[in-house]
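Residue-level structure breakdown
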Amino acid sequence: MGKLWRKFDPVFARYPVDVFFPQGVFFDGEVESASLIRVEGEVRGSIRCPVVVFAATSKATVEVASRCLYIEGYCRGVFRSDMLYLAPSGHVEGEIHTETLYIEDGARMRGRICVGGHGETHAAWEALTS
């Protein structure tokens, strides 16, 4: 991943893990954080925070609003993020709105994708968090 990972380093360093859903945990509802949310279990509902990480073991049916979204697991829903990274083990179904999209070989994606909305994603984030 090399150069690509370096783009995420400053983001992860700035936002420590605030909310953690470990493997084996199921959460249904809304969660909002001023920092990073890491999901290894199963989540259904909505997530609003600067950084969301869906680990390889995660399963999610969600609506997400974030600045940075990192997906290694299975996610279904609506995703609004300034930067979205889809790892080789990642699988996304749904609607993606992002300014920057990174897709690794092996990743799977099905649905509607809107890349580079000229600030729409950032404006949506600001509206959701203000």
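Residues numbered from 1 in each chain as written. Predicted model: local features only at pLDDT ≥ 70, side-chain atom pairs only at ≥ 80, totals over all residues. Heavy atoms only, no water.

**Points about the environment of Cys 114**
The residue Cys 114 is located in strand S9 (residues 108-115) in this model. Overall, the relative accessible area of 27% leaves Cys 114 in the partly exposed class. With residues near it in sequence (within four places) discarded, Cys 114 still touches Ile 96, His 97 and Thr 98. (Helix = DSSP H or I, 4+ residues; strand = E, 2+ residues; numbered from the N terminus. Buried < 20%, exposed > 50% of the residue type's maximum accessible area, 1.4 Å probe, protein only. Contact = heavy atoms within 4.5 Å.)

**Digging into the nonpolar core**
Nonpolar side chains tend to gather and get buried jointly when the protein is soluble and globular. Formed by 22 residues in total, the largest nonpolar core has its most connected members in Ile 47, Phe 54 and Phe 79. Counting residues per element, the ones that place at least two in this core are strand S1 (17-21), strand S3 (36-39), strand S4 (42-48), strand S5 (51-54), strand S6 (59-71), strand S7 (74-86) and strand S8 (91-103). Per-element tally for this core: the top contributor is S6, with 5 residues. The contacts of Phe 79, once residues within four sequence positions are left out, are Val 62, Val 64, Leu 69, Leu 84, Val 92, Glu 93, Glu 95, Ile 96 and His 97. (Core = buried A, V, L, I, M, F, W, Y, C linked by side-chain atoms within 4.5 Å.)

**What to know about the pairing of S6**
Relative to S6, S4 is paired through 7 bridges, and the arrangement is parallel. Looking at S6, one finds that Ile 47 is bridged to Val 64. Relative to S7, S6 runs parallel, the two sharing 12 bridges. The partner of Thr 61 across the bridge, within S7, is Arg 76. (Pairing = 2+ DSSP bridges.)

**Let's talk about the pairing of S5**
It is a general feature of regular strands that their side chains alternate between the two faces of the sheet. Neither face of S5 is left uncovered, since the one carrying Val 51 and Val 53 and the one carrying Val 52 and Phe 54 both have all their residues buried. Strand direction decides the pairing type here: S3 and S5, joined by 4 bridges, are parallel. Each bridged residue has a counterpart across the sheet, and for Arg 38 the counterpart in S5 is Val 53. Of the pairings in the sheet, the one linking S5 to S6 comprises 4 bridges and is parallel in character. When the sheet's bridge partners are listed, Val 52 is paired in S6 with Leu 69.

**Thoughts on the packing of aromatic side chains**
Tallied over the full model, the rule gives 2 aromatic pairs. Residues Phe 21 and Phe 27 carry aromatic rings whose centres are separated by 4.9 Å and whose planes lie at 35° to one another, so their mutual orientation is tilted. Phe 21 sits in the buried class, given a relative accessible area of 8%. The partly exposed category is assigned to Phe 27, whose relative accessible area is 23%. Between the aromatic rings of Tyr 70 and Tyr 85, the centroid separation amounts to 4.6 Å while the plane-to-plane angle is 15°, which identifies the pairing as stacked. Placement of the pair is Tyr 70 in strand S6 and Tyr 85 in strand S7, with a sequence separation of 15 residues. By relative accessible area, Tyr 70 is classed as buried at 6%. (Phe/Tyr/Trp six-rings, centres within 6.5 Å; stacked < 30°, edge-to-face > 60°.)

Don't take any of this as a statement about function, it's just geometry.
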